[in-house]
Protein chains: 2
Amino acid sequence: MTGPATDPWSATQRTIRTSMREHVDAAADAAVATVVHVEGSGYRRPGARMVVDPDGDSHGAVTAGCLEDSVVDAARRTIDDGRSRLHTYDLRDDDADIWGLGLGCNGVVDVLVEPLDTSFTPVLDALDANRPVTVFTVVASSDPALAVGDRHIVGHDTVSTARDPLPDTVVEPVASRLDDATEDVAVTTDVETAAGTARVFANRLLPAPELLVFGGQPDVNPVTSLAARTGFRVRVATARGAWADADRFPSADDVVSTRPADLDAVVDVPEHTYAVLMSHNALDDRLALDALLDTDVPYVGVLGPRSRFRELREAMDRSLTAADEARIAAPCGLDLGGDEPTAIGFSIVSELLAVHNDRSGGRLVERPGPIHERPEIT
Amino acid sequence: MTGPATDPWSATQRTIRTSMREHVDAAADAAVATVVHVEGSGYRRPGARMVVDPDGDSHGAVTAGCLEDSVVDAARRTIDDGRSRLHTYDLRDDDADIWGLGLGCNGVVDVLVEPLDTSFTPVLDALDANRPVTVFTVVASSDPALAVGDRHIVGHDTVSTARDPLPDTVVEPVASRLDDATEDVAVTTDVETAAGTARVFANRLLPAPELLVFGGQPDVNPVTSLAARTGFRVRVATARGAWADADRFPSADDVVSTRPADLDAVVDVPEHTYAVLMSHNALDDRLALDALLDTDVPYVGVLGPRSRFRELREAMDRSLTAADEARIAAPCGLDLGGDEPTAIGFSIVSELLAVHNDRSGGRLVERPGPIHERPEIT
């Protein structure tokens, strides 16, 4: 069974955060490179991160590969002298062949390279506690009182003294505009200060989304392994105790046995939990659905044909509200065709990604407008 | 890097064919279980296969797991006595709890269990030669002259004597209706014979689709590994010889170096080849696109924003026909959101599956009609 990608370059935010935690806990020298701004087009968007070891091994990606070597060099310099620096790579230049890429990304990419110090601990603590957290970092400043790397964190309990803090007068103007962000936000904003201008990178981070699969058959595995690969935390809940064997679901972070009617009790953070009902038992699926509708989970996928869901729905004691119907996907999955277990897993996990990112799942070639909306606050 | 699924249950048709080839070449005892008919709803459709070893190890899936044990028992019996048998599993029965599943699939599934003998050799030969092939097999008969397992193969050079052949009078009525099938077809049809009725399973098989990736950066790997996992044969063509190192693309079956303008020369079987241009070099992508449009490849995906493709298109010497535009996906991929390398790989490979299966992408919950159309000829 294939779990998360073993290719470190293709690491997800979730595995990168794990790598950051391991380095911080071990007090191991390392640097973090973060895309803080992109002008024109780039492969990665602001917020993309790469962790770099002193030996140059990296985890994550900040470009399609064209800048990785240069960023690794910059990271090793930061590991040596402990200083945070902003590096700007202009790929619009036809001489960009120095990046071995030619007319590649056609954009200007700003990358903040900083030491992986304990200033990240409160960030990782908050995310591990399933709480959103926002990190404000100075990436450029004409004010002698503010230096690149100065940091303020909103949404944590612990305090770090690893970096100089930011005055409220710098944080407030940016923070007030991020509060109701529903997805990760990563933007740079210029703020006038007492003695100049500071460019602040504001990065709102959300906990990794969780996939809760209700089922116990072998067809669970293609779903869990593909979802784990895309960065979901994965739990499997089975109604049959004999099936609640972690060895049967090697990609799951957690395998539990539950009564279908008690499935809601398994949900830790409803707003970040996506559920898929695939027990192949209509009665169990019905009881599980009924239980989940009492939670705030944004998505409940039900495997199987429409006719089965119709019967299941008619047998329910409750009548579904419009809000219920909006979060139930029955049949679940994107319309990809194919009936092989892996194809079905692809169909379901692709829908999880689309719903999580508030997209339609249709073809991009038929979608009006840019692939990535720019955050309004930029 | 994760390549094809290592979970044998989630095997694709491609890896199952490889397993069949290995058994036949080694003259190793084994049986093949094939879903030949489904009444009502089932997890797998007709044509789904499972290879079973004498020790009970299996490769592939014929159900969501509920019947696997019973099918393995039936397969071991066939391995012992060499006889082909049709097994019918009725899951509509509430007593279906004997399958440990309760009100599960709610359908009747007919599974043909036959010896994995050299009658499959011409089939595998044809597919390995990238030629479609159709297999006709008797699954039931009231005619004493025809037995379950009797076989006729259309679309091969070699001949096998492992099975009794079918008379043309039995094959012709079914064969004539399959000729223009564009996808795998698997249907059972009753044919009147001289002395009764024969139920014939007709299975048209197509070669595995091929993904041709033009590019050489690390972002190629999430695309190739996910595509390989879904059953695509994967080739990587890079314009830079230094990048044409198979170790850099562990999921690719084949890595070649080519001039962008010669990319068409790399295409073996155009009608089964899906191409993705992701060199991150606008000039190289343009030359590669121009070359591919002279072939019959059904899909050319171009990575990157619309604006980049617009410039690329304006710089081309040719003006695109409606047919060209219909097979160019720029930007390529389904609208899943997310910018992580794995998410981009998911977006692209999901579109490959949708196009290959003639589907739209988009959510099944918004698609009218059944998830799987029944072949018209049933």
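Note that the structure is predicted; figures quoted are calculated from it, not measured. (Residues numbered from 1 in each chain as written. Chains lettered and ligands numbered in written order. Predicted model: local features only at pLDDT ≥ 70, side-chain atom pairs only at ≥ 80, totals over all residues. Heavy atoms only, no water.)

A. Highlighting the relation of the copies chain B and chain A. Overlaying chain B with chain A gives an RMSD of 0.0 Å, the required rotation being 180° about an axis along which the chain moves by 0.0 Å. Taken together, these values place the two copies in the relation of a two-fold axis. It is Gly 362 of chain B whose C-alpha, among those of chain B, lies nearest the rotation axis, at 1.9 Å. Counting the interface residues of chain B, we find that 99% of their copies in chain A are interface residues as well, pointing to one common contact surface. (Least-squares fit on C-alpha atoms with pLDDT ≥ 70 in both. Contact = heavy atoms within 4.5 Å.)

B. Structural context of the pattern of salt bridges. Tallying each qualifying case throughout the model produces 44 salt bridges over all chains. A salt bridge links Glu 325 of chain A to Arg 313 of chain A, with the nearest nitrogen and oxygen atoms 2.3 Å apart. In this pair, Glu 325 of chain A sits in helix α8 (residues 322-327) while Arg 313 of chain A sits in helix α7 (residues 306-314), placing the two residues 12 residues apart along the sequence. Using a relative accessible area of 38% as the deciding quantity, one classes Glu 325 of chain A as partly exposed. A salt bridge links Asp 254 of chain B to Arg 235 of chain B; the nearest nitrogen and oxygen atoms lie 2.5 Å apart. With a gap of 19 residues between them, Asp 254 of chain B in strand β12 (residues 254-257) and Arg 235 of chain B in strand β11 (residues 233-238) connect regions that are remote in the sequence. (Salt bridge = Lys/Arg side-chain N within 4 Å of Asp/Glu carboxyl O. Helix = DSSP H or I, 4+ residues; strand = E, 2+ residues; numbered from the N terminus. Buried < 20%, exposed > 50% of the residue type's maximum accessible area, 1.4 Å probe, protein only.)

C. Broad picture of unusual backbone geometry. Residue and element names in this part refer to chain A. With an omega of 5°, the peptide bond running from Ala 330 to Pro 331 counts as cis. Counting through the fold element by element, Pro 331 comes out in the loop between β15 (328-329) and α9 (341-356). The phi dihedral of Ala 27 falls on the positive side, at around 50°, and the residue is not glycine.

D. The interface of chain B and chain A, seen in detail. If you look at the interface, chain B gives 85 residues, while chain A gives 85 residues. Interface area lost by chain B to chain A is led by Arg 229, Asp 335 and Arg 363 of chain B, which between them contribute 11%. Across the contact surface, chain B and chain A share six salt bridges. Residues Glu 351 of chain B and Arg 363 of chain A are paired through a salt bridge, measuring 2.7 Å at the closest nitrogen-oxygen approach. Counting across the interface, chain B meets chain A through 26 residue pairs in polar contact (both at pLDDT 80 or more). For the side of chain B that touches chain A, the leading source of residues is helix α9 (residues 341-356) of chain B, giving 11 residues. Of the residues in the side of chain B that touches chain A, the class split is 38 nonpolar, 32 polar and 15 charged. (Buried area = accessible area lost by both parts, 1.4 Å probe. Polar contact = N/O pair within 3.5 Å; in protein donor to acceptor, adjacent residues only side chain to side chain. Nonpolar A, V, L, I, M, F, W, Y, C, P; charged D, E, K, R; others polar.)

E. Layout of the domain arrangement of chain A. Entries for chain A in the domain assignment read domain 1 (8-116), domain 2 (120-205) and domain 3 (210-356). Taking only C-alpha atoms, the centre of domain 1 of chain A and the centre of domain 3 of chain A are 36 Å apart. (Domains from an automatic or database assignment.)

F. View of the packing of α9 of chain A against α9 of chain B. Closest axis-to-axis distance for the α9 of chain A/α9 of chain B pair is 11 Å, and the angle between their directions is 135°. In this view, α9 of chain A runs oblique relative to α9 of chain B, as classed from their interaxial angle. Like other packed secondary-structure pairs, α9 of chain A and α9 of chain B cross with a definite hand, here left-handed. Contacts between α9 of chain A and α9 of chain B pair Phe 346, Val 349, Ser 350 and Leu 353 of chain A from the former with Phe 346, Val 349, Ser 350 and Leu 353 of chain B from the latter. (Axes fitted to C-alpha atoms, helices over the stretch in contact; angles between N-to-C directions. Parallel < 35°, antiparallel > 145°, perpendicular 65-115°, else oblique. Left-handed = near helix turned anticlockwise from the far one by under 90°.)

G. Fine view of the packing of aromatic side chains. Evaluation of the coordinates by the stated rule reveals five aromatic pairs over all chains. Each ring, one from Phe 232 of chain A and one from Tyr 274 of chain A, has its centre 6.0 Å from the other, and the planes form 90°; the classification is edge-to-face. Of this pair, Phe 232 of chain A sits in the loop between α5 (220-229) and β11 (233-238) while Tyr 274 of chain A is found in strand β13 (residues 273-277), placing the two residues 42 residues apart along the sequence. Classification of Tyr 274 of chain A by relative accessible area gives buried; the value is 6%. For the ring pair Tyr 274 of chain B and Tyr 299 of chain B, a centre distance of 6.3 Å and an interplane angle of 40° mean the geometry is tilted. Here Tyr 299 of chain B lies in strand β14 (residues 299-302) and Tyr 274 of chain B lies in strand β13 (residues 273-277), a separation of 25 residues in the sequence. The pair formed by Tyr 274 of chain B and Tyr 299 of chain B is uniform in burial state, with each residue classed as buried. Each member of the aromatic cluster is reached from another via a ring pair, and the members are Phe 232, Tyr 274 and Tyr 299 of chain A. Residue placement shows Arg 151 of chain A over the ring face of Phe 120 of chain A; its charged tip is 4.5 Å from the ring centre. The residue whose ring lies beneath Arg 240 of chain A is Trp 243 of chain A, and the NZ or CZ to ring-centre distance is 5.3 Å. (Phe/Tyr/Trp six-rings, centres within 6.5 Å; stacked < 30°, edge-to-face > 60°. Lys NZ or Arg CZ within 6 Å of the ring centre and 35° of its normal.)

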